[in-house]
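One letter stands for each residue in the lines below.
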Amino acid sequence: MTALGRPQLLLQVSEVIMQARRYMMDLAGSTGNILTHHKTIQDLERYLGNVADKKEVKEFLTKVTSDKDGILHLFPWTGIINEDCQLSETFRVPDPVTGQMRRLISKIPPKEEEMFRNMIRRLNTIVKTAQDLDVRIMIDAEQTYFQPAISRITLEMMRKYNTEKAIVFNTYQCYLKDTYKEVCTDLEQAKRQNFYFGAKLVRGAYIEQERARAAALGYEDPTNPSFEATTEMYHKTLTECLRRIRILKDANMDPKKIAIMVASHNEDTVRFAIKKMEEIGIHPEDKVICFGQLLGMCDYITFPLGQAGYSAYKYIPYGPVNEVLPYLSRRAQENKGVLQKIKKEKRLLLSEITKRLAKGQLFYKPKGKYVPI
Ligand SMILES: Cc1cc2nc3c(=O)[nH]c(=O)nc-3n(C[C@H](O)[C@H](O)[C@H](O)COP(=O)(O)OP(=O)(O)OC[C@H]3O[C@@H](n4cnc5c(N)ncnc54)[C@H](O)[C@@H]3O)c2cc1C
């Protein structure tokens, strides 16, 4: 998403989202997942009790909405993907002590507001095209300081476009300490607001950058302390998604309400996914779980998955060389362990060629049971 507009704006929107969360935490009087506090408009009115008769506060309260469970929505978040959205005007809240309206985002110059709207317009065009072509679109996850905005915008895109199937997928990075909670929150929102939820689960590509930034600016490292903790987070999050799909199946509801891409080159994670699917009773033909690896990497994982009937995709970086190279070099850097995987791939290829030469089957094409969706 950072390629579609000025990344600085995503940074600002992310800051607003974090501030809005803090405001809601003050209202809830505690920490944790705001959705589980079930705060209603009446709670907000009580919170603003001392200043509730001020004209601006009254006006603010008339705009606050709630969902079908009565849970409060401080801002009309759907507005963020409207092509006429005014960021500076949308994100204002009353101060509970003085009653004065406080901007959660500093005044944005009209030119930058326009840039934001342009970015949203480009995104809408891309997603609409994907919908017309009946293909899915995965929105990549980036650094944590952009991520609240990317996630929020993507969730709104899901709400808008995922009304009959999961077209838009958000990406969740399991190296982050909060990922399980974030996924549960978004799954809840999808359920309560009745849209199809699409998620690409990854471990995360920016670990060194995240840690260096946290150390330099003196805030808590947002990433898990070890590779094992990241793996645990991945497996726990995936298991929760599978569990919820099973609940949908058991309730005779559309299991495709939740669609997951297991995007990993890690064999243990792919094995874990297959085993858990089996255990929980989700089959490849349910077409709710798919797998993804980058083109040129780990074909020995992708191909057998496809041959065994699982939906398996290769991610193809596409674009002008000067723009694609930084992406590829990042992949090479983050995947230092990939050299090991490439060695394994070469070994497997060599043994296959030797086997075919010995059997005189150089052009042998293995036949799988794969039915494309
Ligand atoms: C199809 C596809 C799409 C992708 N899209 C995105 C995307 O949108 N956003 C994104 O950020 N990444 C994305 N990635 C990259 C992904 O996040 C991983 O960096 C990459 O796949 C390596 O992780 P792995 O599970 O494949 O393999 P592994 O080699 O088993 O895992 C390496 C990963 O483990 C984690 N890790 C390693 N050491 C530690 C440690 N000490 N503490 C905590 N965690 C650690 C890191 O996340 C590291 O990248 C994508 C990958 C694929 C295959």
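Residues numbered from 1 in each chain as written. Predicted model: local features only at pLDDT ≥ 70, side-chain atom pairs only at ≥ 80, totals over all residues.

Visitor: Tell me about the environment of Tyr 172, and please be specific about residues and values.
Guide: Structurally, the position occupied by Tyr 172 is in strand β6 (residues 168-173). Taking the C-alpha atoms as reference points, Tyr 172 and Val 51, 121 residues apart in sequence, are found 39 Å from one another. Residues within four places of Tyr 172 in sequence aside, it is in contact with Ala 141, Thr 179, Glu 182, Val 183, Ala 199, Leu 201 and Thr 237. (Helix = DSSP H or I, 4+ residues; strand = E, 2+ residues; numbered from the N terminus. Contact = placed C-beta atoms within 7 Å.)

Visitor: Mind laying out the site of the ligand, listing which residues take part and the relevant values?
Guide: Around the ligand there are 28 residues in total, and Asp 140, Val 202, Arg 203, Ala 205 and Gly 292 lie nearest to it. Secondary structure elements with two or more residues in the shell around the ligand: β6, α10 (227-250) and β9 (289-294). Sorting elements by how many residues they give to the shell around the ligand places β9 first, with three residues. Here the shell around the ligand is composed, by residue class, of 10 nonpolar, 15 polar and three charged. (Near = placed C-beta within 6 Å. Nonpolar A, V, L, I, M, F, W, Y, C, P; charged D, E, K, R; others polar.)

Visitor: An account of the domain arrangement of the protein chain is needed here, citing residue identities and associated values.
Guide: A common way to express how large an interface is: the accessible area buried when the components associate. Each domain of the protein chain was delimited in the assignment, giving domain 1 (1-135) and domain 2 (136-372). Each of domain 1 and domain 2 was reduced to a C-alpha centroid, and the two centroids are 29 Å apart. Contact residues are listed per partner, giving 24 residues for domain 1 and 24 residues for domain 2. Those elements that provide at least two residues to the side of domain 1 that touches domain 2 are α1 (7-28) and α6 (110-133). If you tally residues by element for the side of domain 1 that touches domain 2, the top one is α1, at seven residues. Split into classes, the residues belonging to the side of domain 1 that touches domain 2 amount to 16 nonpolar, five polar and three charged. (Domains from an automatic or database assignment.)

Visitor: Which residues make up unusual backbone geometry, and what values go with them?
Guide: A positive phi angle, near 55 degrees, is found at Asn 252, a position not held by glycine. Tracing the chain through its elements places Asn 252 in the loop between α10 and β8 (258-263). In this structure, Lys 287 is a non-glycine residue whose phi angle is positive, near 55 degrees. As for its position among the elements, Lys 287 is in the loop between α11 (267-280) and β9. A residue is classified by how many C-beta atoms lie within 10 Å of it, and Lys 287, with 14 of them, is partly exposed. (Buried ≥ 20, exposed ≤ 12 C-beta atoms within 10 Å, placed from the backbone.)

Visitor: Hey, could you go over the sheet that holds strand β10 (residues 311-315) for me, with residue numbers and the actual values?
Guide: Strand pairing in a sheet takes place through backbone hydrogen bonds and is either antiparallel or parallel in direction. Here we have six strands laid out as an open sheet, ordered β5-β6-β7-β8-β9-β10, and parallel in their pairing. One side of each edge strand has no neighbouring strand; the edge strands of this open sheet are β5 (137-138) and β10. Here β9 runs beside β10; their pairing, made up of five bridges, is parallel. Of the residues in β10, the one forming a bridge with Leu 294 is Tyr 315. Packed onto the sheet, α10 meets β6, β7 (197-202) and β8 and runs at close to 150 degrees relative to β8. (Pairing = 2+ DSSP bridges. Axes fitted to C-alpha atoms, helices over the stretch in contact; angles between N-to-C directions.)

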